[in-house]
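Examining the three-dimensional arrangement
The primary structure of each chain is shown beneath.
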Amino acid sequence: MPLRRLRSWPAASLAVAATTVAWLGMAGAVRAPAQTQTPTPPATVCLVPGTGKPLDALWHPHMLAAIGYTDTRTGDIAFAVRTSDGRFYGYRPDHDEWSASVVKAMLMVAYLDEPWVRGRALTAHDKSLLGPMITESDNDDAQVVFDTVGQGALRALARRVGMTHFATSPIWGETEITAADQTRFFLRIDSYIAKRHRAYAMSLLAGIVPSERWGIGEVAPQGWKLYFKGGWGYGTGLLDHQVALLVRGCARVSIAVLTMYDGSHAYGKETLKGIFERLLRGFPDHYTRRPTHGA
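Keep in mind the model is a prediction, meaning the values are calculated, not measured.

**Re the overall build of the chain**
A tally of helices and strands in the chain yields eleven helices and eight strands. For the chain, buried positions account for 53% of its 295 residues. Pairs at least 24 residues apart make up 69% of the contacts formed inside the chain by residues separated by at least 6 positions. For the chain, the accessible area works out to roughly 13000 Å², and carbon and sulfur atoms hold 53% of it.

**Topic: the packing of aromatic side chains**
Aromatic ring pairs: the centre-centre distance and the angle between the two ring planes describe each pair. For the structure on display, the rule yields seven aromatic pairs. With a centroid separation of 5.3 Å and an interplanar angle of 35 degrees, the aromatic rings of Phe79 and Tyr91 are classed as tilted. Of this pair, Phe79 sits in strand 2 (residues 76-83) while Tyr91 sits in strand 3 (residues 88-91), and the two are twelve residues apart along the sequence. Note on Tyr91: relative accessible area 0%, which makes it buried. Between the NZ or CZ atom of Arg73 and the centre of the ring of Tyr267, over which it lies, the distance is 3.8 Å.

**Here's the deal with the pairing of strand 6 (residues 225-232)**
Two faces, one strand: in a regular strand the side chains alternate between the faces of the sheet. Judged by how many residues are buried, strand 6 sits mostly within the fold: six of eight residues are covered. Here strand 6 runs beside strand 7 (residues 239-248); their pairing, made up of eight bridges, is antiparallel. If you follow Trp232 over to strand 7, its bridge partner there is Asp240. The antiparallel hairpin formed by strand 6 and strand 7 contains six residues in its connecting segment, where Tyr234 sits at a positive phi of about 55 degrees.

**A closer look at the pattern of salt bridges**
One pass over the full model with this rule turns up nine salt bridges. One salt bridge connects Asp56 with Arg87, and the closest N-O pair in it is separated by 3.5 Å. With Asp56 in helix 2 (residues 55-58) and Arg87 in the loop between strand 2 and strand 3, this pair connects stretches of sequence that are 31 residues apart. By relative accessible area, which is 0% here, Arg87 ends up buried. Here Arg118 and Asp113 are joined by a salt bridge, their closest N and O atoms 1.9 Å apart. Through salt bridges with shared partners, a single ionic network connects Asp56, Asp85 and Arg87.

**Remarks on helix 6 (residues 124-135)**
Counted at 1.5 Å a residue, the expected span for helix 6 with its twelve residues is 16 Å, and the 16 Å between its end C-alpha atoms agrees. Looking only at helix 6, the buried set comprises Asp126, Leu129, Leu130, Gly131, Pro132, Met133, Ile134 and Thr135. Tucked inside the fold, the buried residues of helix 6 contact helix 4 (104-112), helix 7 (139-161), helix 9 (198-206) and strand 6. Backbone geometry just downstream of helix 6 places Ser137 in the positive-phi region, at approximately 55 degrees.

**Some remarks on the packing of helix 4 against helix 6**
Contact geometry for helix 4 and helix 6: axes closest at 10 Å, N-to-C directions at 160 degrees. Looking at the two axes, helix 4 sits roughly antiparallel to helix 6. Here helix 4 and helix 6 pass one another in a crossing that is left-handed. Listed contacts from helix 6 to Lys104, Ala105, Leu107, Met108, Tyr111 and Leu112 of helix 4 are Asp126, Leu129, Leu130, Met133 and Ile134.

**Describing the packing of helix 3 (residues 63-70) against helix 11 (residues 265-279)**
Look at helix 3 against helix 11: their axes get within 7 Å of each other, and the N-to-C directions meet at 160 degrees. Comparing the axis directions of helix 3 and helix 11 gives the class roughly antiparallel. Once helix 3 is placed against helix 11, the crossing between them reads as right-handed. Counting all contacts with helix 3, which are made through Met63, Ala65, Ala66, Tyr69 and Thr70, the residues of helix 11 involved are Glu270, Thr271, Gly274, Ile275, Arg278 and Leu279.

**Examining the pairing of strand 2**
With eight of eight residues buried, strand 2 lies mostly within the body of the structure. Looking at chain direction, strand 2 and strand 8 (residues 251-260) are connected through eight bridges and run antiparallel. Following the sheet pairing, Ala78 is matched in strand 8 by Leu258. One ladder, built from four bridges, connects strand 2 with strand 3; its direction is antiparallel. Bridged to Arg82 within strand 3 is Phe88. Adjacent in sequence and paired antiparallel, strand 2 and strand 3 are bridged by four residues, among which Gly86 carries a positive phi angle near 95 degrees.

About the cut-offs
- Residue numbers here run from 1 along each chain, matching the order of that chain's written sequence.
- For this predicted model, a pLDDT threshold of at least 70 governs which residues receive local features, and a threshold of 80 or more governs which side-chain atom pairs are given and counted, while totals over whole chains, interfaces and linings are taken from all residues.
- Note that the side-chain values use all heavy atoms of the structure and ignore hydrogens as well as water.
- Only DSSP runs of H or I covering at least 4 residues are called helices, and only runs of E covering at least 2 are called strands; the numbering of each starts at the N terminus.
- For every residue, the accessible area (1.4 Å probe, protein chains only) is compared with the maximum for its type, and the residue is labelled buried under 20%, exposed over 50%, or partly exposed between those bounds.
- Only heavy atoms matter for contacts: two residues are in contact if any of them lie within 4.5 Å across the pair.
- The Shrake-Rupley method, run with a 1.4 Å probe sphere, supplies the accessible areas, and residue values consider only the shown protein chains as cover.
- Between 30 and 60 degrees the pair is tilted, below 30 it is stacked and above 60 it is edge-to-face, where a pair is any two Phe, Tyr or Trp rings, Trp via its six-membered ring, whose centres lie within 6.5 Å.
- Any Lys NZ or Arg CZ found within 6 Å of a ring centre and within 35 degrees of that ring's normal is scored as a charge over the ring.
- Whether two strands pair depends on DSSP finding at least two bridges between them.
- Every case where a carboxyl oxygen of Asp or Glu lies within 4 Å of a side-chain nitrogen of Lys or Arg is listed as a salt bridge.
- Residue count minus one, scaled by 1.5 Å, sets the expected span of a helix.
- Axes, fitted as lines to C-alpha atoms, cover a helix only where it is in contact. Angles between the N-to-C directions of the axes lie from 0 to 180 degrees.
- For classification, angles of less than 35 degrees are called roughly parallel, those exceeding 145 degrees roughly antiparallel, those between 65 and 115 degrees roughly perpendicular, and all remaining angles oblique.
- We call a crossing left-handed when the near helix sits turned anticlockwise from the far one by less than a right angle, and right-handed when that turn is clockwise.

Structure representation (structure tokens):
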């Protein structure tokens with residue numbers, strides 16, 4: 001698949017951005033941002049627990065390795081990375097694809113924000129819908145939730161998040177999403193959940209069943225909390241997506257990888273794993289070591 005588009009946004013290292021643009025320029029397909037603005041620095045700098053350093057000083061996503069890997073893979077691929085210190089990176093980040101089950105995270109948030117749900121304790125019925133829908137990706141429960149909240153609730157949530165390329169459909173699995181919008185949503189997903197139900201909802205995103213913990217679930221760094229949701233086309237390879245949030249103290253990283261026309265589900269899962277693996281190279285994990293004298 002030819003290289004198409006990379007965006008490395010404001011707070012990213014200028015050296016990294018310049019290198020990326022130069023590399024893509026040699027490939028004959030570059031579209032640099034129209035303008036670069038330096039964001040207002042946060043009042044308090046977030047130091048990654050266990051490192052004593054801000055995330056920006058420890059890691060940048062290996063975009064060149066990830067993009068190069070897509071050239072070796074069959075399929076229609078897009079991905080994006082967003083960090084809590086204001087950095088954004090994307091490869092075809094505004095490319096629209098069907099959501100499949102990735103939209104179930106939005107359905108859960110919309111349901112929990114319904115006026116008749118947000119102010120009360122969750123019932124056994126609520127949990128019987130939301131639990132399987134997220135942790136096991138149950139489609140029947142998703143349909144009930146979708147019929148309950150409607151397309152309007154999804155559109156309202158998209159507006160709250162600030163999504164720019166989002167469109168609903170009478171079929172929830174054909175909701176149109178982009179990698180950029182999904183990283184924007186997942187980076188602060190807990191803030192969109194009714195406070196009373198926040199811990200429960202996040203526990204579901206952290207509790208995906210073992211049989212569906214492929215891709216990011218196989219390569220997530222130790223020492224970080226992982227919350228994610230995947231989506232796939234009935235195991236046909238039509239599409240295989242994952243959107244994830246990594247949290248360590250005040251530091252957050254959201255990553256969305258969307259793939260379509262993979263040929264087979266097994267192939268799509270391997271593509272997801274390969275992209276996440278490359279983006280996360282050098283990520284500060286649980287085993288951050290201090291310098292050893294004489295080493």
